Amino acid sequence: MTRGSLRWLRRTALTVVPVVVGVVLATFFLLRLVPGGPAAAILGDQATDQAVADLEAELGLDHPLLAQLWSFVVSVVVHGDSGTSLLYGVPTRELILDRVGVSLEIVALSVVFTVVLVVPLALLAALHKDRAIDHVIRVVPAVGLAMPTFWVGLLLILVFAVNLGWLPAGGGDQGIRSLVLPAAAVAVSLTPVLVRTLRAQLLEVLDADFVATLTAAGLPRRRVLVHVLRNAALPTVTLFGLNIAYMIGGTLVVERVFAINGLGALMFDSIGSRDFPVVQGVALFCAVLVVLVTVLTDLVVNRLDPRTRIAA
């Protein structure tokens with residue numbers, strides 16, 4: 001392994017470890033600040049104080065806070081999960097693996113939709129700078145930025161499921177068709193920022209000397225635009241990677257709107273029942289996923305821009 005690779009791994013570790021540790025600690029302590037407890041949520045409003053105390057003792061919730069934290073950390077490191085679900089009585093790893101597939105499908109489809117929307121819109125806006133189509137592309141997507149993801153999802157259901165009947169309103173029982181609207185809702189919320197960023201970079205690159213040289217050399221316009229897009233894409237790719245956390249969070253929310261039984265439904269149900277291990281497990285999984293995507297984004301940027309490899 002080269003010295004540059006070792007430096008990159010060390011820098012990545014210094015970024016990854018604090019983020020994961022911070023998520024673990026924040027999730028652990030913030031959940032315990034919420035009024036009410038798992039035992040009372042499981043037993044119901046009619047449960048006696050003694051019954052609640054007995055169940056807390058059975059579940060280990062009467063242990064000191066630091067002892068619970070240590071148990072949680074040991075479970076994560078040794079067993080690869082955040083403990084046993086207080087509500088379902090099974091390891092959180094099993095619950096997460098059972099639900100994560102559909103959530104990852106929505107995220108992947110959202111990435112595809114975002115790229116399909118951002119690249120053509122940014123190219124059109126840059127190639128028709130200050131014309132009507134440029135103003136429309138800059139203004140109309142901004143409406144999506146002003147609306148919460150769940151509201152975009154409700155509008156998509158109203159238009160494409162209720163009025164037009166083109167797609168199912170959700171449920172996840174019709175394969176990929178059930179995931180189109182949730183993925184579109186997440187993509188629409190993220191598209192405006194990326195379109196503005198890519199448009200600005202395209203305008204800067206289009207004015208570069210090498211574009212005039214390639215055009216004068218008789219290179220087809222399509223190939224020139226490929227070179228322009230590659231040079232302009234770096235800031236947008238970086239911003240896209242940084243916004244993956246927003247995309248994952250938006251996916252968890254729209255799952256609830258579209259009645260999809262993924263990680264979002266599992267997390268919200270677990271929050272309502274104060275199922276601490278499951279909420280901690282989902283939060284930790286999402287944090288690790290965001291970190292992995294960030295590292296992957298760094299690798300893609302290094303691949304696209306030789307200057308970053310030379311600097312490393």
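Described in the following lines is the structure provided in the data block.

Definitions and limits used
Residues numbered from 1 in each chain as written. Predicted model: local features only at pLDDT ≥ 70, side-chain atom pairs only at ≥ 80, totals over all residues. Heavy atoms only, no water. Helix = DSSP H or I, 4+ residues; strand = E, 2+ residues; numbered from the N terminus. Contact = heavy atoms within 4.5 Å. Areas by Shrake-Rupley, 256 points an atom, 1.4 Å probe, with all protein chains shown as cover. Buried < 20%, exposed > 50% of the residue type's maximum accessible area, 1.4 Å probe, protein only. Salt bridge = Lys/Arg side-chain N within 4 Å of Asp/Glu carboxyl O. Phe/Tyr/Trp six-rings, centres within 6.5 Å; stacked < 30°, edge-to-face > 60°. 1 Å grid on protein atoms, 1.4 Å probe; cavity = no way out; pocket = protein on both sides within 12 Å on 5 of 7 lines; lining within 4 Å. Points joined across faces, edges and corners; volume = space filled by probe spheres on them. Nonpolar A, V, L, I, M, F, W, Y, C, P; charged D, E, K, R; others polar. Patch = residues over 30% accessible without salt bridge, like charges linked within 9 Å, V, L, I, M, F, W, Y side chains within 5 Å.

## Focus: the overall build of the protein
Looking only at helices and strands, one finds 14 helices and zero strands in the protein. Overall, the protein shows an N-to-C arrangement of helices and strands of α-α-α-α-α-α-α-α-α-α-α-α-α-α. When contacts within the protein are restricted to residue pairs at least 6 apart in sequence, those whose partners lie at least 24 apart make up 71%. Accessible surface, the protein: about 17000 Å² in total, of which carbon and sulfur atoms supply 67%.

## Some thoughts on unusual backbone geometry
Its identity as a non-glycine residue notwithstanding, Ala259 has a phi of 55°, on the positive side. Turning to its location among the elements, Ala259 is positioned in the loop between helix H11 (244-257) and helix H12 (263-272). Here Ala259 falls in the exposed class, since its relative accessible area comes to 57%.

## Observations concerning the pattern of salt bridges
Inspection of every chain in the model, using the stated rule, returns two salt bridges. We note a salt bridge from Asp134 to Arg199, for which the minimum N-O separation is 2.9 Å. A residue pair is termed long-range when its members are at least 10 positions apart, and Asp134 in helix H6 (residues 132-146) and Arg199 in helix H8 (residues 177-206) qualify at 65 residues. With respect to burial, Asp134 and Arg199 carry one shared label: buried.

## Here's the deal with the packing of aromatic side chains
Within the structure shown, the criterion is met by one aromatic pair. Ring geometry for Phe160 and Trp166: centres 6.0 Å apart, planes at 45°, overall tilted. Exposure remark for Phe160: the relative accessible area of 27% places this residue in the partly exposed category.

## Let's talk about empty space enclosed by the protein
The full count for this structure, using the stated rule, is one cavity of 30 Å³ or more. Considered as a void within the structure, the largest cavity measures approximately 60 Å³ in volume. Val100, Ser103, Leu104, Val107, Ile248, Thr251, Leu252, Leu263, Phe285, Cys286 and Leu289 together form the lining of the largest cavity. Among the elements of the structure, helix H5 (92-127), H11 and helix H13 (276-304) are those that each provide at least two residues to the lining of the largest cavity. Looking at which element gives the most residues to the lining of the largest cavity, the answer is H5, with four residues. Looking at the lining of the largest cavity residue by residue, the class counts come to nine nonpolar, two polar and no charged.

## Quick notes on a nonpolar patch on the surface
Together, Phe150, Trp151, Leu154, Leu155, Leu158, Val159, Val162, Leu164, Trp166, Val253, Phe268 and Ile271 line one region of the surface with nonpolar side chains, adding up to about 1000 Å² of accessible area. Of all the elements in the fold, those that place two or more residues in the nonpolar patch are helix H7 (149-163) and H12. When residues of the nonpolar patch are assigned to their parent elements, the largest contribution, seven residues, is made by H7. Mapping Phe150 onto the fold places it in helix H7.

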